[in-house]
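For reference, the chains in residue letters:
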Amino acid sequence: MRQDGHKVAVVGATGAVGNMMINVLEKRAFPVRELVLLASGRSQGRTLPFRGKDYEVRELTEKSFKGVEIGLFSAGGAISAKFAPIAGEAGCVVIDNTAHFRMDPDVPLVVPEVNPDAIAGYSKKNIIANPNCSTIQMVVALKPIHDEARIKRVVVSTYQSVSGTGKDAIEEMLNQSRELSNAVRWSKEDGMDALLRAIGPYKKVETKVYPHRIAFECIPHIDVFLENGYSKEEMKMSWETAKILDPNIKLTATTVRVPTILGHSEAVNVETEKKITAQRARELLSSFPGVKVLDDLSKNVYPLTALAAGEYDTLVGRIREDESVPNGLNLWIVSDNILKGAALNAVQIAEILARKYL
């Protein structure tokens, strides 16, 4: 690590994840010698705070990376596809938060608690990929179980907040919720028939971000659908788990968008080669870095998105043995998708990169 710190660029600095990256760099006292904030021309001239000083946002161009040593990218796949190789050729190591490079065999796909040694492969292209937010929180919880009992198969259903789609999705959900709440005039004395009549017309509400209304609804559709009937989000979890954790793990996923603002939740069923009790799983997870166990049913203690917001750790609870198979476990996993699912994971990669390789 350089004693005087590093010149760091944040690409997509004005977005939700970019903002959080800047925040995490400050909170974790990352050794920043010089900070460069980059975004589209629309954001040029805006200022963002960092360590008590306002930094001006510059327009991203092909000449933006002179002298930059680490680039945190979160501006969309098309931007990364174009500018990450340019940055890499200029000597900047890119940590990319998009899906564009994740399955490139010459690009490490890293969750620091799970496969930190993979970072060493960054030099092939000067690019490191940040995994999908849903994959990150899941593999952090699966890693100690896999090390102990070898995971054979995973069945996961996700409940992903609208913040995973962006600010427009949050606004759409809030607007729809207000409209529906204002439109429905009903009390329990009116009966269910009256309620159904009241909400019926709202089924045709105008939508812009999602194909259906998200307020008070669950949509089993994240990213595009593929020929095999899975969504791309579902296949990402399978592909990325194989690359990060173990290619021998069989995984099937159903990913669902739900009307929560922040935090992704997952119901995960794990089948292992050898028996592992729920108590042993709690012990392993409790001592694993990046995991916090919340699992006291007598007091209604289990992970919630409200508890995960702003939390660096991935929360795990409802740990129980699967009674339908000899070697099975069920887990409920919740994490802040903007923090650990994106910004924090990227900065953690940068910390190891700076400490061991630069």
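Whatever comes next refers back to the structure up there.
Residues numbered from 1 in each chain as written. Predicted model: local features only at pLDDT ≥ 70, side-chain atom pairs only at ≥ 80, totals over all residues. Heavy atoms only, no water.

Asks: Hey, could you run me through the overall build of the chain in this one?
Replies: Summing up its helical and strand segments, the chain has nine helices and 13 strands in all. Expected size for 358 residues packed as a compact globule is a radius of gyration near 21 Å; at 22 Å, the chain falls within 12% of this value. For the chain, the C-alpha atoms occupy an extent of roughly 70 × 50 × 45 Å along the three principal directions. For the chain, the proportion of its 358 residues judged to be buried stands at 51%. Long-range pairs, those at least 24 residues apart, make up 69% of the contacts in the chain between residues at least 6 apart in sequence. Entry remark: accessible area of the chain is about 16,600 Å², with carbon and sulfur atoms responsible for 50%. With 45 positive and 44 negative side-chain charges, the chain shows a separation of 2 Å between the mean positions of the two kinds. (Helix = DSSP H or I, 4+ residues; strand = E, 2+ residues; numbered from the N terminus. Rg over C-alpha atoms; globule rule 2.2 N^0.38 Å. Buried < 20%, exposed > 50% of the residue type's maximum accessible area, 1.4 Å probe, protein only. Contact = heavy atoms within 4.5 Å. Areas by Shrake-Rupley, 256 points an atom, 1.4 Å probe, with all protein chains shown as cover. Lys, Arg positive; Asp, Glu negative; His and termini not counted. Charge placed at Lys NZ, Arg CZ, Asp CG, Glu CD.)

Asks: Quick question: what am I supposed to make of the nonpolar core here?
Replies: It is characteristic of soluble globular proteins that their nonpolar side chains tend to be buried jointly. Residues Phe-65, Met-138, Leu-142, Val-154, Val-268 and Leu-331 are the most contacted members of the largest nonpolar core, which totals 51 residues. Per element, the largest residue contribution to this core is eight residues, and it comes from helix α3 (residues 133-149). For Met-138, the residues in contact, after removing those within four places along its chain, are Val-154, Val-156, Met-237, Thr-241, Leu-251, Glu-266, Val-268 and Ile-333. (Core = buried A, V, L, I, M, F, W, Y, C linked by side-chain atoms within 4.5 Å.)

Asks: Sorry, what's going on with the environment of Lys-167 here?
Replies: Its place among the elements puts Lys-167 in helix α4 (residues 167-183). C-alpha separation for the pair Lys-167 and Ala-16, spaced 151 residues apart in sequence, amounts to 7.5 Å.

Asks: So what exactly am I meant to see when it comes to the sheet that holds strand β4 (residues 53-59) here?
Replies: Hydrogen bonds along the backbone pair up the strands of a sheet, which may run parallel or antiparallel. Judged by pairing direction, the sheet is mixed, and its seven strands sit side by side in the order β3-β4-β2-β1-β5-β6-β7 without closing on themselves. The two strands at the open ends of the sheet, each matched to only one other strand, are β3 (47-50) and β7 (127-129). Across this sheet, the average inter-strand angle for adjacent strands is 25°, counted without regard to direction. Bridge analysis of strand β2 (residues 32-39) against β4 gives three bridges, and the strand direction is parallel. Residue pairing for β4: Leu-38 is matched across the bridge by Arg-58. (Pairing = 2+ DSSP bridges. Axes fitted to C-alpha atoms, helices over the stretch in contact; angles between N-to-C directions.)

Asks: Mind showing me how you'd approach the packing of aromatic side chains here?
Replies: A complete count under the given rule lists four aromatic pairs for this structure. When the centroid spacing of 5.7 Å and the interplanar angle of 15° are considered together, the rings of Phe-65 and Phe-73 count as stacked. The ring centre of Tyr-55 lies 5.0 Å from the NZ or CZ of Lys-53, which sits over that ring. (Phe/Tyr/Trp six-rings, centres within 6.5 Å; stacked < 30°, edge-to-face > 60°. Lys NZ or Arg CZ within 6 Å of the ring centre and 35° of its normal.)

Asks: For this particular structure, what's the right way to read the pairing of strand β5 (residues 70-73)?
Replies: Regular strands place side chains that alternate from one sheet face to the opposite one. Along β5, one buried face is formed by Ile-70 and Leu-72 and the opposite face, lined by Gly-71 and Phe-73, is buried too. In this sheet, β5 lies alongside strand β1 (residues 6-11) in parallel orientation, the contact comprising four bridges. Along β5, the bridge assignment pairs Val-8 with Ile-70. With four bridges joining them, β5 and strand β6 (residues 93-96) adopt parallel strand pairing. Paired with Phe-73 across the two strands is Asp-96, which belongs to β6. The handedness of the β5 to β6 crossover, carried by helix α2 (residues 77-89), is right-handed. (Right-handed = clockwise from strand over helix to strand, strands pointing away.)

Asks: Can you help me understand the layout of surface pockets in this one?
Replies: Here the idea is plain: a probe the size of a water molecule rolls over the atoms and shows the empty space left. Considering only enclosed or pocket space, the largest pocket measures out at about 1,200 Å³ in volume. As for the largest pocket, its lining consists of 47 residues, of which Ser-74, Gly-76, Gly-164, Thr-165 and Gly-166 are closest to the centre. Breaking the lining of the largest pocket down by element, the ones donating at least two residues are α1 (16-27), β2, α2, α4, α6 (232-244) and α9 (339-356). Split into classes, the residues belonging to the lining of the largest pocket amount to 18 nonpolar, 21 polar and eight charged. (1 Å grid on protein atoms, 1.4 Å probe; cavity = no way out; pocket = protein on both sides within 12 Å on 5 of 7 lines; lining within 4 Å. Points joined across faces, edges and corners; volume = space filled by probe spheres on them. Nonpolar A, V, L, I, M, F, W, Y, C, P; charged D, E, K, R; others polar.)

Asks: Just to check I follow, could you spell out the sheet that holds strand β10 (residues 264-272) for this structure?
Replies: In space, the six strands of this open sheet follow the order β9-β8-β10-β13-β12-β11, with mixed pairing throughout. On the outer flanks of this sheet lie β9 (250-257) and β11 (291-293), each paired with one strand and no other. The mean angle between the axes of side-by-side strands here comes to 20°, regardless of whether they run parallel or antiparallel. Where strand β12 (residues 314-321) lies against strand β13 (residues 328-335), five bridges are found, and the strand directions are antiparallel. Across the sheet, Val-316 pairs through a bridge with Ile-333, a residue of β13. Against the sheet, helix α7 (residues 278-286) engages β11, β12 and β13, with an angle of about 165° to β12.

Asks: Can you walk me through the side chain of Lys-143 in this structure?
Replies: Among the secondary structure elements, Lys-143 is positioned in helix α3. Among the residues examined, Lys-143 registers a relative accessible area of 18% and is labelled buried. With residues up to four places along the chain from it excluded, the contact list for Lys-143 reads Glu-113, Val-114, Leu-245 and Phe-288.

Asks: Explain the packing of α3 against α7 here, please?
Replies: In a pair of packed helices, the angle between the axes and the distance between the axes together describe the arrangement. In contact at an axis separation of 9 Å, α3 and α7 are set at 120° when each is read in the N-to-C sense. The angle between α3 and α7 falls in the class oblique. The way α3 lies across α7 gives a crossing that is right-handed. When α3 is examined against α7, the residues Ala-141, Pro-144, Ile-145 and Glu-148 are found in contact with a partner set consisting of Arg-280, Leu-284 and Leu-285. Within the contact of α3 with α7, the residues separate by chemical class into five nonpolar, no polar and two charged. (Parallel < 35°, antiparallel > 145°, perpendicular 65-115°, else oblique. Left-handed = near helix turned anticlockwise from the far one by under 90°.)

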